[in-house]
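Survey of secondary and tertiary structure
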Amino acid sequence: MVEDDKEMNRDFFKSLQNQTDSLTGLYARDVIISYTKHLIETGTPFSFALIDIDNFKHVNDNYGHSAGDKIISFFATNLKNAFGERAVLGRFGGDEFMVVIEGITDYDAVWSLCREVLRSIDGKTSPEFPNLYITCTLGLSRFPKDAQTYEELFETTDKALYRGKIKGRNCFIIYLEEKHKNIKLHGSNDTTISSMQLHTEIFKMINESPNLAEGIKNVFSFLSSTLMIDHISIQTDKKLIFSQVYTLSRTKEFEFIGDPFFVKEISPVLGCYYLNDVTHLKDIGQSTLLETCEKQGIKSTVYASIAFNDEVFGYIRADSSSKIRIWQYSDMDLLITAANAIAMSLHYQNKKVEEL
């Protein structure tokens, strides 16, 4: 795009009197939508991105909505600084943002920009909430390559964002038709039904397999592929059992971790403990355990207790080795369901995990 055309498109905002979102100072949603449609009407190539703050519900639930607003404002400032003059930013609503990048549609150029931006804002912590590790997920598609109308462009971008969330968040996905065209976006009701089906499937695998050992293997294979978990196993007091490594995992060898820290930290209410970023172990005086995790390439982990009443059989251990993972409640809920299903079967069959 020539510079005169770019300036002409930027002049578009003068007619909208710079309408901005009161919390973030970014452009309001309607402005970005109008601008996007304007670029499409004038045949101007551009890239369009949707960005969500990861696990934002956790912020509101645990710190309150006032803190949530501060995090949104802080994130918006960092996002604007990361893109600089290369993009026009707006707030879509809640913890969601819209970005329009004029003139950059080449895949490699878009990939490099997304990587630069996410690296710039990854793990930023607000001075007011230093313990909150802030990451985001970005989905992006391009005009005119991926869509011809705003509605089509929003859908392809939303599919890319959805793929990023399923992949584990804290990442960016650029829409590619051959990979993402058939992604189905679910409404809230569909998501609830889908979640119920996943939980039901776990119990069916445990109860309908020829034996419990086979059932556990099937469940772990199912969870590994569905949640894209690099490593999942049962860890007892002495060893790992039923280890399954995801085909795309960077690390292929995972070992028993003898340090009891993760087990001791399991919440008696939730029945699990999770750590999005194992480097935080250093901040709490667990440097030796951090070294153990780093030797195995573990970036984040979850431990779910396999327990029935007061009887503890072991723990489901799920590790991410490719990158820091923002564990979602839905992910952990499935792991807890699997742990409970295994524990019930062991109890009623009067068996230990080691006997399978």
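Summarised in this report is the structure supplied together with it. Every value quoted in this text rests on a predicted model; they were computed, and no experiment measured them.

A closer look at the overall build of the protein
Tallying secondary structure elements over the protein gives 13 helices and 12 strands in all. Against the compact-globule benchmark of 21 Å for 356 residues, the protein has a radius of gyration of 23 Å, which places it among compact chains. Seen along its three principal axes, the alpha-carbon backbone of the protein occupies a region of about 75 × 40 × 35 Å. Across the 356 residues of the protein, 51% fall into the buried class. For the protein, long-range pairs separated by at least 24 residues make up 64% of all intrachain contacts whose partners lie at least 6 apart in sequence. Accessible surface computed for the protein: about 17600 Å², of which carbon and sulfur atoms make up 48%.

With respect to the packing of helix α4 (residues 65-83) against helix α5 (residues 107-121)
Where α4 contacts α5, the axes come no closer than 9 Å and their chain directions differ by 140°. Judged on the interaxial angle alone, α5 and α4 are oblique. The two elements α4 and α5 cross, and the hand of that crossing is right-handed. Each of Phe75, Asn78, Leu79, Ala82 and Phe83 in α4 lies in contact with α5, whose residues at this interface are Leu113, Val117, Ser120 and Ile121. In terms of residue class, the contact of α4 with α5 is made up of 7 nonpolar, 2 polar and no charged.

Things to note about helix α2 (residues 29-41)
The end-to-end C-alpha distance of α2 is 19 Å, a good match for the 18 Å that 13 residues give at a rise of 1.5 Å each. The complete set of buried residues in α2 reads Val31, Ile32, Ile33, Tyr35, Thr36, His38, Leu39 and Ile40. Downstream of α2 by a residue or two, Gly43 has a phi angle that is positive, lying close to 70°.

Thoughts on the environment of Arg119
Relative to the elements of secondary structure, Arg119 occurs in helix α5. The exposure class assigned to Arg119 is exposed, which follows from its relative accessible area of 59%.

Regarding the sheet that holds strand β1 (residues 46-53)
As summarised here, the arrangement of the 5 strands in space is β2-β3-β1-β6-β7, forming an open sheet in which the pairing is mixed. The open sheet has two edge strands with one neighbour each: β2 (88-93) and β7 (172-174). Adjacent strand axes in the sheet meet at a mean angle of 20°, parallel and antiparallel pairs treated alike. Note: β2 against strand β3 (residues 96-102), 5 bridges, orientation antiparallel. Bridge pairing in β3 links Gly90 to Met98.

Concerning the nonpolar core
Phe220, Leu223, Ile306, Ile316 and Ile342 are the most contacted members of the largest nonpolar core, which totals 36 residues. For this core, the elements supplying multiple residues, two or more each, are α8 (188-208), α9 (212-227), β8 (231-235), β9 (240-245), β11 (300-308), β12 (311-320) and α13 (329-348). Per-element accounting of this core gives the leading share, 10 residues, to α13. Leu223 has contacts with Ile202, Met228, Ile229, Ile232, Leu334, Leu335 and Ala338, leaving out every residue within four places of it along the chain. Ile53, Phe75, Leu79 and Ala82 belong to the second-largest nonpolar core, a separate cluster that totals 33 residues.

Overview of the pairing of β3
Within a regular strand, the side chains alternate between the two sheet faces. Here β3 lies mainly inside the structure; 6 of its 7 residues are buried. Where β1 lies against β3, 7 bridges are found, and the strand directions are antiparallel. By the bridge assignment, Ala49 is partnered in β3 with Val99. Joining the antiparallel neighbours β2 and β3 is a turn of 2 residues, in which Gly94 adopts a positive phi near 55°.

Digging into the packing of aromatic side chains
Enumeration according to the criterion identifies 11 aromatic pairs in this entry. Relative to Phe172, the ring of Trp111 has its centre 5.7 Å away and its plane inclined at 70°; by these criteria the two rings are edge-to-face. In this pair, Trp111 is assigned in helix α5 and Phe172 in strand β7, connecting sequence segments 61 residues apart. On the basis of relative accessible area, Phe172 is assigned to the buried category, the value being 16%. Aromatic pair Tyr150 and Phe154: ring centres 6.1 Å apart, planes at 45°, arrangement tilted. Of this pair, Tyr150 and Phe154 are both found in helix α6 (residues 150-167), 4 residues apart, which corresponds to roughly one turn of the helix. Given the relative accessible area of 11%, Tyr150 is considered buried.

Reading the values: the criteria
- Residues numbered from 1 in each chain as written.
- Predicted model: local features only at pLDDT ≥ 70, side-chain atom pairs only at ≥ 80, totals over all residues.
- Heavy atoms only, no water.
- Helix = DSSP H or I, 4+ residues; strand = E, 2+ residues; numbered from the N terminus.
- Rg over C-alpha atoms; globule rule 2.2 N^0.38 Å.
- Buried < 20%, exposed > 50% of the residue type's maximum accessible area, 1.4 Å probe, protein only.
- Contact = heavy atoms within 4.5 Å.
- Areas by Shrake-Rupley, 256 points an atom, 1.4 Å probe, with all protein chains shown as cover.
- Axes fitted to C-alpha atoms, helices over the stretch in contact; angles between N-to-C directions.
- Parallel < 35°, antiparallel > 145°, perpendicular 65-115°, else oblique.
- Left-handed = near helix turned anticlockwise from the far one by under 90°.
- Nonpolar A, V, L, I, M, F, W, Y, C, P; charged D, E, K, R; others polar.
- Expected span 1.5 Å × (residues − 1).
- Pairing = 2+ DSSP bridges.
- Core = buried A, V, L, I, M, F, W, Y, C linked by side-chain atoms within 4.5 Å.
- Phe/Tyr/Trp six-rings, centres within 6.5 Å; stacked < 30°, edge-to-face > 60°.

So yeah, pure geometry; function would need other evidence.
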